[in-house]
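The lines below spell out each chain.
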Amino acid sequence: MSVLTDYFQQVTKEIIILQIAITKLTSVIKFEKAAPIKVGGTSHVKEGLRFPHIYGPLNLDSIIGAATVERRNGTFIW
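Below, the structure is looked at part by part. (Residues numbered from 1 in each chain as written. Predicted model: local features only at pLDDT ≥ 70, side-chain atom pairs only at ≥ 80, totals over all residues. Heavy atoms only, no water.)

All right, on to the pairing of strand 4 (residues 63-72) then. Relative to strand 4, strand 1 (residues 15-20) runs antiparallel, the two being bridged by 6 bridges. Note on strand 4: the bridge partner recorded for Ile15 is Val69. As paired strands, strand 4 and strand 5 (residues 75-77) are joined by 3 bridges and run antiparallel to one another. Paired with Glu70 across the strands is Ile77, a residue of strand 5. Count of turn residues in the strand 4/strand 5 antiparallel hairpin: 2 residues, of which Asn73 carries a positive phi of about 55°. (Pairing = 2+ DSSP bridges. Helix = DSSP H or I, 4+ residues; strand = E, 2+ residues; numbered from the N terminus.)

So, in structure tokens, the structure goes:
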């Protein structure tokens, strides 16, 4: 949830999370360290997690699920 809070706190539109089967991706995927951002928090950097980044187009058959993220009292609910 730290990425949602750090990157998307100011977003007012609906946020949809895609579940992607990486074994079905046709583009390269790399798990990389988080980068600091100018506007937002830094908890995602402090956690030291690696995040998937897709380099190239996202083929639609790799998407196996989707969900809307809700906000309640300033907190994101998955």
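Looking at where Thr68 falls in the secondary structure, it is placed in strand 4. Sequence separation between Thr68 and Trp78 is 10 residues, and the spatial gap between their C-alpha atoms is 7.6 Å. Apart from residues no more than four positions distant in its own chain, Thr68 is found in contact with Glu14, Ile15 and Ile16. (Contact = heavy atoms within 4.5 Å.)

A few words on the side chain of Ser62. With respect to the helices and strands, the residue Ser62 is situated in the loop between strand 3 (50-55) and strand 4. Judged by relative accessible area, Ser62 falls into the buried class, the value being 0%. Leave out the neighbours within four places in its chain, and Ser62 touches Gln19, Ile20, Ala21, Lys24 and Leu25. (Buried < 20%, exposed > 50% of the residue type's maximum accessible area, 1.4 Å probe, protein only.)

What follows is about the side chain of Asn59. On the secondary structure map, Asn59 appears in the loop between strand 3 and strand 4. Only 2.9 Å separates the side chain of Asn59 from the backbone oxygen of Lys24, close enough to count as a polar contact. Among the polar contacts listed, one links the side chain of Asn59 to the backbone nitrogen of Thr26, at a separation of 3.1 Å. If we ignore the near neighbours within four places in the chain, the residues touching Asn59 are Lys24, Leu25 and Thr26. (Polar contact = N/O pair within 3.5 Å; in protein donor to acceptor, adjacent residues only side chain to side chain.)

All right, on to the sheet that holds strand 4 then. Taken in spatial order, the 3 strands line up as 1-4-5 in an open sheet, and their pairing is antiparallel. Edge positions in the open sheet fall to strand 1 and strand 5, since each of these has one partner strand only. Averaged over all pairs of adjacent strands, the angle between their axes in this sheet comes to 35°, without regard to strand direction. (Axes fitted to C-alpha atoms, helices over the stretch in contact; angles between N-to-C directions.)

Okay, the environment of Leu60 next. If you trace the backbone, Leu60 turns up in the loop between strand 3 and strand 4. Note: C-alpha distance between Leu60 and Lys24 (36 residues apart in sequence) is 9.5 Å.

Within the structure shown, the criterion is met by 1 salt bridge. With a shortest N-O distance of 2.9 Å, Arg72 and Glu70 are connected by a salt bridge. Taking the relative accessible area as the measure of exposure, Arg72 reaches 46% and is therefore partly exposed. (Salt bridge = Lys/Arg side-chain N within 4 Å of Asp/Glu carboxyl O.)

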